[in-house]
Amino acid sequence: ELPLLPSHIFRMVAEENIKENARAYEDLLIEKLGGHALDLVMLGMGEDGHTASLFPHTAALKIKKGLVAAN
C-alpha cells in the first residue's frame, strides 16, 4: 500500500465519451499540477491489451502540445 492522499490521485474517466473526458482530464492536470511534472503515473490496461500505446497513423502522433490524447 502506498501512502498517498486521495487528493493526490487523478483518475481519467475513459469508459465513454473519450474525447470529451481526455480534454477534461488535461484541464484537471493543468489546474492541479500548475506546470509541475507528475511524480508517478500508474496506467491500466485497455481491452485491447495496450497501455499508453502510440500506434502508426493515429491522431495522437500529430499532437505537438497537450498532455492527453484520445485515440
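Within every chain, residues take consecutive numbers counted from 1 along the sequence as written. Owing to the predicted nature of the model, reporting of local features is limited to residues with pLDDT of at least 70; listing and counting of side-chain atom pairs is limited to 80 or more, with chain, interface and lining totals taken over all residues. To get the side-chain values, take all heavy atoms of the structure and skip hydrogens and water.

Trainee: Looking at this model, I keep getting lost on unusual backbone geometry. Mind explaining?
Mentor: Note on backbone geometry: most residues besides glycine have negative phi, and most peptide bonds are trans. Backbone geometry places Asn 17, a non-glycine residue, at a positive phi of 50°. Mapped onto the elements of the fold, Asn 17 is located in the segment before α1 (18–33). Although it is not a glycine, His 57 sits at a positive phi angle of roughly 70°. Positionally, His 57 belongs in the segment after α1. Only protein chains enter the accessibility calculation, which uses a 1.4 Å probe; a residue whose area is less than 20% of its type maximum is buried, one above 50% is exposed, and one in between is partly exposed. Exposure remark for His 57: the relative accessible area of 82% places this residue in the exposed category. A helix here means a DSSP run of H or I that spans at least four residues, while a strand means a run of E at least two residues long, and both kinds are numbered starting from the N terminus.

Trainee: I would appreciate a short explanation of the pattern of salt bridges in the present structure.
Mentor: Side chains that differ in sign of charge can pair as their charged atoms come close. Here, a salt bridge means any Lys or Arg side-chain nitrogen found within 4 Å of an Asp or Glu carboxyl oxygen. One pass over the structure, following the stated rule, counts one salt bridge. In this structure, Arg 11 engages Glu 15 in a salt bridge whose closest nitrogen and oxygen atoms are separated by 2.4 Å. Accessibility assignment for this pair places Arg 11 and Glu 15 in one class, exposed.

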